[in-house]
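Per-entry structural report
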Amino acid sequence: MPDQKNELLPQVKWGLVIHGGVGVLPRHELTPELEADYLRTLTASLSEGYQAMSRGGTAVDGVVKAIEVMEDSVIFNAGRGSNFTSDGVVSMDASLMVGDTLEAGAVAGISDVRNPIRLARHVMEECPHVMLVGSGAEAFAREVGLEAEDSTYFFTQRRWDDLQAAKAREAGGEARPNTVDVEDARAIAAGAEPLTEEDLKHRSGTVGAVALDREGRLVAGTSTGGSANKKWGRIGDSPVIAAGTYAGSHCGVSCTGWGEYFIRHAVAHDIQARMAYMGLSLRDAARQVVMEKLEEHRKGLGGVVAMDREGKIEMSFNTRGMYRGWVDEEGQIRVAIF
Ligand code: ASP
C-alpha cells in the first residue's frame, strides 16, 4: 500500500478534486507516453472544471465539466473509452448529487449517450425520479435532446483487447469470474487468497469529481463503463447514490474500485455518516472506511476522492495508485498517479 501519510493535506477556498480510477498499471508497465497522457488529461479535466466555476458556474457545472473531459478521452473507462460487457457492447453508469439540497440524479446500463454525466444532470434537474436505467434512460436522453451516439464512437482497441483477455482468463480458469459471488466472498473470509490488483486491472478507469463552490455548495459525481466482461446487466456502485457517490451536509465523495464491495459497505455515505455521527474529520472518516473497513474483507480494493465544507480535500486508496488531482481557487493544479 502506498505511503499516503506524508502527502500534503490540501485545503481550498473553493475548487475541485478528481479521480480517474484505481486500476493503475505497475510503474514498469506504464510507458512514459501513457503516463504523460494520463497526467495531461487529468490536468485538462481540472482546468476545464475550474474554468466552468470561475466564470460564475456552480459546483454542479464544475463537476459535470471535469467529468465530461474524462468521458471524452479514450484512456479512461467512462464515456468514449468504456469497457465492454461480455456481449461486446458498452453499458455505462453515472450519478450526480448536491450536498445542501440532497438533489440527485443517476443513470445505469446506457449504451448510446456520449456523456452519461450530462444525462445524470438532466435526471437530477428535470425528472421526478432519481435513477433511470437502460432503454428508459435512453428514451429520456432523447427527450432532453441528447442524441444517440453510434456504437463505433465507443470502440477502442485497448478495451476490446481487455475484453478478450478477461474472457481468456475466465475460460482458462486463471482468474476469478468477473462477478464475485457469495461463495467466493465466504472463501476469502475463511482465508482464501484475496483479490489482487491484477483482478482489478480490467475494471478500472472510472472517473469522478467533487467540488465546493463560492456559495459553499458541495457536489459529487461519478461516471464509469463498469467492469470488463460484465454480464447479466451487472451494475456497480458508481450510479448508486450512497455507494459510489454521495454529497450531504458534511462532505462530497466519489468512489472507484471493486463496485460490489462499495455497494455492500455503502462507502460514500459511510464517510459522511462517520463525520456526522462520530464527529470525525474528513480524513479520519475516509481512511477508516478505505483502509480499515474495506480491508477487513481483504478484497475491497479501491479509493475515494472527497471534500468537506471547509474545502479540505481527501484522496484515499488501498491500491498501488489512483489517477487523481485537484485545483484550488487560484487555478493551481496538482496531479498524481502513485
Ligand atoms: N466502481 C466501478 C464499478 O464497479 C469500477 C471502478 O471504479 O473501477 O463499476
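Just above sits the structure.
Attention here is on the structure that accompanies the text. These figures come from a predicted structure and were not determined experimentally. Sequence order as written defines residue numbering, which begins from 1 separately in each chain. Owing to the predicted nature of the model, reporting of local features is limited to residues with pLDDT of at least 70; listing and counting of side-chain atom pairs is limited to 80 or more, with chain, interface and lining totals taken over all residues. Hydrogens and water molecules were not included; the side-chain quantities draw on all heavy atoms of the structure.

Some words on the site of the ligand
Rules: By convention in this text, a residue qualifies as near a molecule or strand provided that one of its non-hydrogen atoms is within 4 Å of it. The definition of a polar contact used here is a pair of N or O atoms within 3.5 Å, where within protein one atom must be able to donate a hydrogen and the other to accept one, and adjacent residues in sequence count solely through side-chain atom pairs. Residue burial considers only the protein chains on display, and all accessible areas are found by Shrake-Rupley using a 1.4 Å probe. Each residue gets one of three labels, nonpolar for Ala, Val, Leu, Ile, Met, Phe, Trp, Tyr, Cys and Pro, charged for Asp, Glu, Lys and Arg, and polar for the others, Gly among them.
Neighbouring the ligand are 11 residues; Thr-206, Arg-234, Asp-237, Thr-256 and Gly-257 lie closest to it. One nitrogen or oxygen atom from the side chain of Arg-234 is found 2.7 Å from an oxygen atom belonging to the ligand. Within the backbone of Gly-257, one N or O atom sits 2.8 Å away from a nitrogen atom of the ligand. Surface burial for the ligand is 100%, taken as the share of its 270 Å² of free accessible area covered by protein chains. Along the lines of polarity and charge, the residues of the shell around the ligand split into no nonpolar, eight polar and three charged.

Notes on the sheet that holds strand β3 (residues 104-110)
The condition that has to hold: Paired strands, as defined in this entry, are two strands with at least two bridges between them according to DSSP. The numbering of helices and of strands both runs from the N terminus, where a helix is a DSSP run of H or I of at least 4 residues and a strand a run of E of at least 2. Between N-to-C directions, angles cover 0 to 180 degrees, with each direction set by a line fitted to C-alpha atoms, over the stretch in contact for helices.
The sheet built from eight strands is open, its strands ordered β4-β3-β2-β6-β5-β1-β11-β12 with mixed pairing. Looking at strand neighbours, the two that pair on one side only are β4 (131-133) and β12 (333-336), the edges of this open sheet. Within the sheet, the average angular offset between the axes of one strand and its neighbour, ignoring direction, is 10°. Across four bridges, strand β1 (residues 15-19) lies against strand β11 (residues 324-327) in antiparallel orientation. Along β11, the bridge assignment pairs Leu-16 with Val-327.

Here's the deal with the packing of helix α9 (residues 267-278) against helix α10 (residues 282-296)
Rule in force here: Should an angle fall under 35 degrees it is taken as roughly parallel, and over 145 as roughly antiparallel, whereas 65 to 115 is taken as roughly perpendicular and any remaining angle as oblique. What makes a crossing left-handed is the near helix being turned counterclockwise from the far one by less than a right angle; a clockwise turn instead makes it right-handed. Between two residues, a contact is recorded if the distance between any of their heavy atoms is within 4.5 Å.
The N-to-C vectors of α9 and α10 enclose an angle of 130°; their axes lie 9 Å apart at closest approach. Judged by the inter-axis angle, α9 sits oblique to α10. Taken as a pair, α9 and α10 cross one another with a handedness that is right-handed. On α10, the residues that touch Val-267, Asp-270, Ile-271, Arg-274, Met-275 and Met-278 of α9 are Leu-282, Ala-285, Ala-286, Gln-288, Val-289, Lys-293 and Leu-294. Of the residues contributing to the contact of α9 with α10, the split by class is nine nonpolar, one polar and three charged.

The quantities given are spatial measurements derived from coordinates; they are silent on function.
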